[in-house]
Amino acid sequence: MCLGVPGKVIAVDGLMATVDFWGVRKQIRLEVVDETVQPGDYILNHVGYAIRRIPPGEIDATLALYEELLRHAEQDDLMAADVRGEIAGAGDDQQ
Amino acid sequence: MTSSNGGFAELKFRDPARARALSATLERLLGEIGRAPVSVMHVCGSHEQAIAKFGLRAALPRALNVIMGPGCPVCITDVPEVDEGVALARQGVRIATYGDMVKVPGTVLSLADVQAEGGKVDVVYSVAQAVELARTIAEPLVFFATGFETTAVATAAAVLQNPPPNLFVLSAHKYIPPVMEIVAEMPDTRVEGFLAAGHAATITGWGVFEPFVERHKLPVVVAGFEPLDILAGLVKLVELIGAGTASVENMYPRCVTKEGNLRAQEQLWNVFRPIGGRWRGIAHVPNGNLRLRDEWAHLDARKQFDIDVNSLWDSAPPTLIQDCICGDIMAGIKSPTDCALFGEQCVPHSPVGACMVSSEGTCKIWHQYGGHPDLGGYGGAVCAR
Ligand code: SF4
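Bear in mind that the values here come from a model prediction, so they are computed numbers and not experimental data.

## Observations concerning the overall build of chain B
Moving on, step 1. The secondary structure content of chain B amounts to 18 helices and eleven strands.
Moving on, step 2. Relative to the globule expectation of 21 Å for 385 residues, the C-alpha radius of gyration of chain B, 21 Å, shows essentially globular dimensions.
Moving on, step 3. With respect to the principal axes defined by its C-alpha atoms, chain B has extents near 65 × 45 × 35 Å.
Moving on, step 4. Buried positions account for 63% of the 385 residues belonging to chain B.
Moving on, step 5. A separation threshold of at least 6 residues defines the contact pool for chain B, and within that pool the share at least 24 residues apart is 76%.
Moving on, step 6. When the accessible area of chain B is evaluated, it comes to approximately 13,800 Å², of which 51% is carbon and sulfur surface.
Moving on, step 7. Counting 32 positive and 40 negative side-chain charges, chain B places the centres of these two groups 4 Å from one another.

If you want it as structure tokens, here you go:
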């Protein structure tokens, strides 16, 4: 539950953002994040809330771990399951 | 080439050369310290997952002992807290909580047991899902809220967003910085430094550890979750231990600042107040539990329901649980393999203790990835998969 998951902001509507997590689009709340978030930004999502806007220069380094987990881990892998759970737990995309 | 390099061949480091260099640096620093073991503790289930998954212990010098402390929020949720959720569910109140919480045993029963008896227990991945569920039903819904500050801040934000009137919060949220004080003082633990969890520190900022460092003269390094992040964090930590420098170092600047997320902290402390309370298996932790402030009494399940936990204590607790050493594991005194039940009577599909239930529990992580405490410097044997 501590890991969170990064995603790319597609659209922002007030305090709600549509965020893409490896092809899965979710509604993420923006009440907690402490910077303005715009389409194209990457955020770190934790249980449905963006907790951090990832600095642009750090995106690749941040995504690397998750790429590894989501692409290569086996179905029952604990860490990958937690990341998938984070994605599943975000608000469903209403679009 | 050091003895540990055999492990790297199979490890999926993004940059194997850098990993090797970091490991060699660790080996050199430990050699300079010249005694073993040097024990450090991390306090994060995700760190343990990464260490076990990527077989990091196999790549670490033998002299370095990396212990998982009380970093699993499900595991440290205390038995009486689970009992409160269980009692409410048995009283017919609908409960929503995170999946792992359902299976965690209370004194006698888990929420899963109550569900099997016909109790209404819903698994949610987030507080937002609990809010959505409450909106679609007429009956009261109690969100049994667990997790550290990263998760508590989401609960806080939901509380501040006018949740539907049938939603209540049973908070078992915990706050990490105070428990580090307790573990640092435990005579048997003998930890020389802490690796702090990157994402909890995203909220609190690394500055939150300064008073701790000042009081206990132990270094704290904030680290990220990639194998390389963890290795780099360990190098910094051992460097500080070797130099006898007690300071806080931030090795995860891409997510963590000194002040942290002030907006998140404001919401957290508007909704919660820290109070003392027990962490399962650890001790009473002053300021370690987060409870709703009085302004939110109308949402507080403890204030709005008569929770009858006494009725649960009529039946005897299951016998195996008495042999569970989860508490000692979370205090950093023992390892899962010290438990006679590990992998025998206690396995993930039939867990005895909380540490085998949660995906962040040390026992479950070790069971899946086959991690072992003595693998430091164990040439060639990679415990990941
Ligand atoms: S293996 Fe099971 S019984 Fe033993 S300490 Fe871990 S959770 Fe407890």
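Still more to cover.
## Concerning the pairing of strand 5 (residues 49-54) of chain A
All names here are of chain A.
Moving on, step 1. Among the six residues of strand 5, six are classified as buried, and the element is accordingly described as predominantly covered.
Moving on, step 2. With five bridges joining them, strand 4 (residues 42-46) and strand 5 adopt antiparallel strand pairing. The residue bridging H46 from the neighbouring strand is Y49, located in strand 5.
Moving on, step 3. Hairpin connection, strand 4 to strand 5: the antiparallel pair is bridged by two residues, and V47 has positive phi, about 35°.

## Observations concerning the site of the ligand
All names here are of chain B.
Moving on, step 1. Around the ligand, the structure places 13 residues, and the nearest of them are C324, I325, C339, C346 and C363.
Moving on, step 2. Looking at the shell around the ligand, the elements with two or more residues in it are helix 16 (326-330) and helix 17 (354-357).
Moving on, step 3. In terms of residue class, the shell around the ligand is built from twelve nonpolar, one polar and no charged.

## Points about unusual backbone geometry
Leaving glycine out, the prevailing phi sign among residues is negative, and the prevailing peptide bond configuration is trans.
Moving on, step 1. Between A36(B) and P37(B) the backbone carries a cis peptide bond, its omega angle lying at -10°.
Moving on, step 2. Structurally, the position occupied by P37(B) is in the loop between helix 1 (16-33) and strand 1 (38-42).

## Examining the interface of chain B and chain A
Often, the extent of an interface is quoted as the loss of accessible area on bringing the components together.
Moving on, step 1. If you look at the interface, chain B gives 48 residues, while chain A gives 38 residues.
Moving on, step 2. Buried surface at the junction of chain B and chain A, summed over both partners, amounts to about 3,600 Å²; 59% is from carbon and sulfur atoms.
Moving on, step 3. Here chain B and chain A share one salt bridge between them.
Moving on, step 4. A salt bridge links D77(A) to K53(B), with the nearest nitrogen and oxygen atoms 3.0 Å apart.
Moving on, step 5. At the boundary of chain B with chain A, the tally comes to 22 residue pairs in polar contact (both at pLDDT 80 or more).

## Re the sheet that holds strand 7 (residues 194-197) of chain B
Residue and element names in this part refer to chain B.
Moving on, step 1. Read from one edge of the open sheet, five strands run 2-1-7-8-9, paired in parallel fashion. Every other strand in the sheet has two partners, leaving strand 2 (64-68) and strand 9 (248-250) as the edge strands with one partner each. Across the sheet, the mean angle separating the axes of adjacent strands is 25° when strand polarity is ignored.
Moving on, step 2. Bridging between strand 8 (residues 220-223) and strand 9 involves three bridges; their strand directions are parallel. Along strand 9, the bridge assignment pairs V221 with E249.

## Concerning the side chain of Q27(A)
Moving on, step 1. By the secondary structure assignment, Q27(A) is in strand 3 (residues 24-29).
Moving on, step 2. At a separation of 3.1 Å, a polar atom in the side chain of Q27(A) contacts the side chain of T18(A).

## Details of the pairing of strand 10 (residues 272-279) of chain B
Along any regular strand, the residues point their side chains to alternate faces of the sheet.
All names here are of chain B.
Moving on, step 1. Pairing geometry for strand 10 and strand 11 (residues 283-292), over seven bridges, is antiparallel. If you follow R273 over to strand 11, its bridge partner there is R291.
Moving on, step 2. Remark: three residues form the turn of the hairpin made by strand 10 and strand 11, two consecutive strands paired antiparallel; G281 in that turn has positive phi of roughly 80°.

## Structural notes on the packing of helix 2 (residues 45-53) of chain B against helix 18 (residues 362-369) of chain B
All names here are of chain B.
Moving on, step 1. Taken N-terminus to C-terminus, the directions of helix 2 and helix 18 make an angle of 20°; their axes are 9 Å apart at the nearest point. In this view, helix 2 runs roughly parallel relative to helix 18, as classed from their interaxial angle. As helix 2 runs across helix 18, the sense of the crossing is right-handed. Side by side, helix 2 and helix 18 meet where G45, E48, Q49, A52 and K53 of the first sit next to I365, W366 and Y369 of the second.
Moving on, step 2. Classifying every residue of the contact of helix 2 with helix 18 gives four nonpolar, two polar and two charged.

## Digging into the packing of aromatic side chains
Moving on, step 1. The full count for this structure, using the stated rule, is seven aromatic pairs over all chains.
Moving on, step 2. A centroid spacing of 6.2 Å and a plane angle of 35° characterise the contact between W22(A) and Y66(A), whose relative ring orientation is tilted. You can see W22(A) sitting in the loop between strand 2 (16-21) and strand 3 and its partner Y66(A) sitting in helix 1 (residues 59-72), a full 44 residues away along the chain.
Moving on, step 3. Ring plane angle 85° and centroid distance 5.1 Å describe the contact between F168(B) and F305(B), whose orientation is recorded as edge-to-face. Taken together, the residues F168(B) in strand 6 (residues 167-174) and F305(B) in the loop between helix 15 (301-304) and helix 16 connect sequence positions 137 residues apart. Summarising the burial analysis for this pair, F168(B) and F305(B) share the class buried.
Moving on, step 4. In this structure, K53(B) packs its charged tip against the face of F54(B), placed 5.6 Å from the ring centre.

## What about the sheet that holds strand 6 of chain B?
Residues and elements named next belong to chain B.
Moving on, step 1. The strand order across the open sheet formed by six strands is 4-3-5-6-11-10, and the pairing between neighbours is mixed. The strands lining the two open edges of the sheet, one partner per strand, are strand 4 (121-124) and strand 10. Recorded for the sheet is a direction-independent mean angle of 25° between the axes of neighbouring strands.
Moving on, step 2. Both strand 3 (residues 94-98) and strand 4 contribute to a ladder of four bridges, which runs parallel. In the strand pairing of strand 4, Y98 is matched with V124.
Moving on, step 3. Most of the contacts of helix 9 (residues 149-159) go to strand 6, to which it runs at about 160°, and overall it touches strand 3, strand 5 (141-147), strand 6, strand 10 and strand 11.
Moving on, step 4. Running at roughly 175° to strand 11, helix 10 (residues 176-185) makes contact with strand 6, strand 10 and strand 11 of the sheet.

What counts, and at which threshold
Residues numbered from 1 in each chain as written. Chains lettered and ligands numbered in written order. Predicted model: local features only at pLDDT ≥ 70, side-chain atom pairs only at ≥ 80, totals over all residues. Heavy atoms only, no water. Helix = DSSP H or I, 4+ residues; strand = E, 2+ residues; numbered from the N terminus. Rg over C-alpha atoms; globule rule 2.2 N^0.38 Å. Buried < 20%, exposed > 50% of the residue type's maximum accessible area, 1.4 Å probe, protein only. Contact = heavy atoms within 4.5 Å. Areas by Shrake-Rupley, 256 points an atom, 1.4 Å probe, with all protein chains shown as cover. Lys, Arg positive; Asp, Glu negative; His and termini not counted. Charge placed at Lys NZ, Arg CZ, Asp CG, Glu CD. Pairing = 2+ DSSP bridges. Near = heavy atom within 4 Å. Nonpolar A, V, L, I, M, F, W, Y, C, P; charged D, E, K, R; others polar. Buried area = accessible area lost by both parts, 1.4 Å probe. Salt bridge = Lys/Arg side-chain N within 4 Å of Asp/Glu carboxyl O. Polar contact = N/O pair within 3.5 Å; in protein donor to acceptor, adjacent residues only side chain to side chain. Axes fitted to C-alpha atoms, helices over the stretch in contact; angles between N-to-C directions. Parallel < 35°, antiparallel > 145°, perpendicular 65-115°, else oblique. Left-handed = near helix turned anticlockwise from the far one by under 90°. Phe/Tyr/Trp six-rings, centres within 6.5 Å; stacked < 30°, edge-to-face > 60°. Lys NZ or Arg CZ within 6 Å of the ring centre and 35° of its normal.

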